[in-house]
Amino acid sequence: MFDFSSLNIVKNTNDFFIGIRKSKLEDNFEFCLPNGFDNFPEGDFDAVRNLFFKMYRTFRKFERDNLDSTRFNINKSDFQQEQDQTTLSSGGVKMQTEEGDVCVLYSKIKMIERVMEAYDELAINSIQKKVKRSENIEYSQIHKYLDRAIYLKDNSNNDVIYVDAMDLPLSTVRYESTDLVNLYCYILDEIIEQLNSDVPDNIKARTQDIHFLAQRFKEDYLTSNQSIFGEDTFDETISILKEALDKIDKNTYYKDADYWRLYEAIETFLYGELNPEQGDGEFWGVHGFSLIWEDMCNTYFFKKHRKKICYADTDITLKGYDNSEREEEEKNRVGNRKVNSENLYGNQWVYSKTSNIPKNLGRVTEKLEWDELLCIEFDLNERTFVYSHSRYNQLEKRDRNSALRRFLRPDLILETDNTIVDDNFNEVTSIKIIDYKDVPLEFYKNKKLHPKSAKKYKDDLVKQLTYEYALQQTHNISANIFFIPYYYYVEPSNTLGELEENINIKGIKVFKANFFLIQNSYLENNQ
């Protein structure tokens with residue numbers, strides 16, 4: 001396992017990579033942080049360790065939630081199985097948005113995966129107890145030994161038999177075999193703690209037993225304050241674990257498949273590392289964090305402000321969610337409106353509620369869906385206005401079948417608590433338009449952007465203003481926001497984050513979202 005104190009912290013990478021990889025300039029590894037982490041404390045072992053395990057859980061959850069969706073394109077032939085790290089050459093999990101942006105996710109680290117995959121309750125029991133010949137007698141099993149019994153001649157009783165031995169489960173002869181189980185459980189228990197019990201169900205169901213065996217090992221080999229993932233005890237603890245494994249292996253004479261399964265998992269954890277000689281340089285992490293950031297933000301808003309959501313371009317899964325519009329295996333997904341698009345990439349479903357806008361004047365009981373309001377229409381037919389006699393215009397009777405329509409897809413539309421009264425004395429609901437952007441704050445401050453970044457800046461601005469134009473025909477827009485990730489060393493007064501006061505891009509504000517608050521919401525109830 002790698003030492004978190006030896007990782008170089010890299011902020012604001014130019015290649016959009018987040019994770020751990022071999023440094024291109026030095027002979028060590030670097031931990032590339034998400035956008036907005038300018039204030040992250042370098043040299044803080046606990047902060048680095050905690051961020052790593054949270055990002056590890058985040059990547060794994062994102063992969064699990066989307067594995068069966070159309071967003072994924074998986075190279076299954078060599079999908080991160082027979083290697084010490086995940087690399088670009090191994091394929092990995094590839095996703096693509098409707099705009100063509102690509103996300104490549106490498107979520108697995110063999111050192112951790114092997115330990116969790118090796119857990120098998122039956123295998124552990126088989127090492128602790130093997131079937132051996134015993135002079136003890138288990139009378140409930142006597143009927144199985146009638147063919148081996150010696151029948152005694154007794155004048156008073158003709159049914160006396162003698163059984164000299166039975167095959168019963170006993171502890172193995174060598175104590176070192178059980179020490180292997182205890183050592184394995186100690187490592188697994190340490191991983192469970194760092195992952196906040198976000199582990200497979202078969203492990204979660206036995207965490208108390210695992211902890212009990214882990215404590216046995218700790219009492220025999222370690223002091224009370226030693227830990228694999230402690231800043232001051234990492235090196236010493238790993239060294240002791242290596243010595244213990246070597247001693248156990250030398251003094252264990254019977255080694256079956258169960259033994260080797262645990263031994264190899266322990267060996268991989270203790271001696272394995274990210275190996276730059278076997279790949280192209282990228283090992284664990286993600287290229288293109290924007291899709292994960294979108295899912296994290298949508299999960300937060302659906303958990304905290306679901307009733308206020310009018311529209312969301314997402315199809316995330318929510319624990320306990322019951323969607324009547326979907327098939328049984330997809331009922332925990334929030335999307336309730338199928339997207340009419342020929343594009344096979346990106347979300348094929350969106351979440352949309354019914355608005356308060358009637359479909360036409362003749363049938364006021366029918367209301368438009370929010371995704372129908374998000375439409376820009378281009379009518380190619382000539383039109384004539386008679387200003388002095390407007391009744392001759394008859395625009396509502398024109399044939400609109402040839403009109404070109406484009407349905408817009410902002411990330412989120414939220415209803416606010418504020419309403420205004422229009423000229424007809426009708427109450428009009430105010431809404432917020434929010435688009436999630438995985439960019440640093442400097443992206444909106446820098447006046448001399450790289451040409452590629454400048455194009456993105458312009459495209460994002462045009463799309464955001466188009467969303468506003470489409471919706472202001474029927475609603476009051478209280479805010480138009482770019483929602484970016486941000487690390488707060490000191491928690492802000494508004495726990496969700498703060499607006500950047502010095503930035504106003506044609507009415508669009510930039511909101512610095514509290515990354516850890518969003519991430520914790522994404523991971524909660526996932527244990």
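Residues numbered from 1 in each chain as written. Predicted model: local features only at pLDDT ≥ 70, side-chain atom pairs only at ≥ 80, totals over all residues. Heavy atoms only, no water.

**Regarding the overall build of the protein chain**
Each helix and strand counted, the protein chain has 13 helices and 23 strands in total. Taken across its 527 residues, the protein chain has 49% of its residues classed as buried. Taking contacts inside the protein chain between residues at least 6 apart in sequence as the whole, the part at least 24 apart equals 64%. In the structure as shown, the protein chain presents an accessible area of about 28800 Å², 45% of it carried by carbon and sulfur atoms. (Helix = DSSP H or I, 4+ residues; strand = E, 2+ residues; numbered from the N terminus. Buried < 20%, exposed > 50% of the residue type's maximum accessible area, 1.4 Å probe, protein only. Contact = heavy atoms within 4.5 Å. Areas by Shrake-Rupley, 256 points an atom, 1.4 Å probe, with all protein chains shown as cover.)

**Quick look at the pairing of strand β3 (residues 29–32)**
Of the two faces of β3, the one carrying Phe 29 and Phe 31 and the one carrying Glu 30 and Cys 32 are both buried. Both strand β1 (residues 8–10) and β3 contribute to a ladder of 3 bridges, which runs parallel. Within the sheet, the bridge partner assigned to Asn 8 lies in β3 and is Glu 30. Examined bridge by bridge, strand β2 (residues 17–22) and β3 share 4 bridges and lie antiparallel to one another. Within the sheet, the bridge partner assigned to Lys 22 lies in β3 and is Phe 29. With antiparallel pairing between neighbouring strands as the criterion, β2 and β3 make up a hairpin whose turn holds 6 residues. (Pairing = 2+ DSSP bridges.)

**Some words on the nonpolar core**
Counting residues in each nonpolar core, the largest one holds 97 residues, and the members touching the most others are Phe 4, Phe 31, Phe 52, Ile 187, Phe 289, Trp 293 and Phe 483. For Phe 31, the residues in contact, after removing those within four places along its chain, are Leu 7, Asn 8, Ile 9, Val 10, Gly 19, Ile 20, Val 48, Leu 51, Phe 52 and Trp 284. Core analysis: the second largest hydrophobic core is formed by 18 residues, Trp 370, Leu 374, Ile 413 and Ile 431 among them. (Core = buried A, V, L, I, M, F, W, Y, C linked by side-chain atoms within 4.5 Å.)

**Details of the pattern of salt bridges**
Summed over all chains, the structure comprises 24 salt bridges. Note that Glu 524 and Lys 303 form a salt bridge whose closest N and O atoms lie 3.9 Å from each other. Of the two residues, Glu 524 sits in the segment after α13 (515–523) while Lys 303 sits in helix α9 (residues 290–304), which places them 221 residues apart along the sequence. One continuous salt-bridge network, built from bridges that share partners, spans Asp 435, Lys 437, Lys 456 and Asp 460. (Salt bridge = Lys/Arg side-chain N within 4 Å of Asp/Glu carboxyl O.)

**Here we look at the packing of aromatic side chains**
Evaluation of the coordinates by the stated rule reveals 36 aromatic pairs. Judged by centre distance (6.5 Å) and plane angle (55 degrees), the ring pair of Phe 31 and Trp 284 falls under tilted. With a gap of 253 residues between them, Phe 31 in strand β3 and Trp 284 in strand β11 (residues 282–287) connect regions that are remote in the sequence. Judged on exposure class, the residue Phe 31 and its partner Trp 284 are both buried. (Phe/Tyr/Trp six-rings, centres within 6.5 Å; stacked < 30°, edge-to-face > 60°.)

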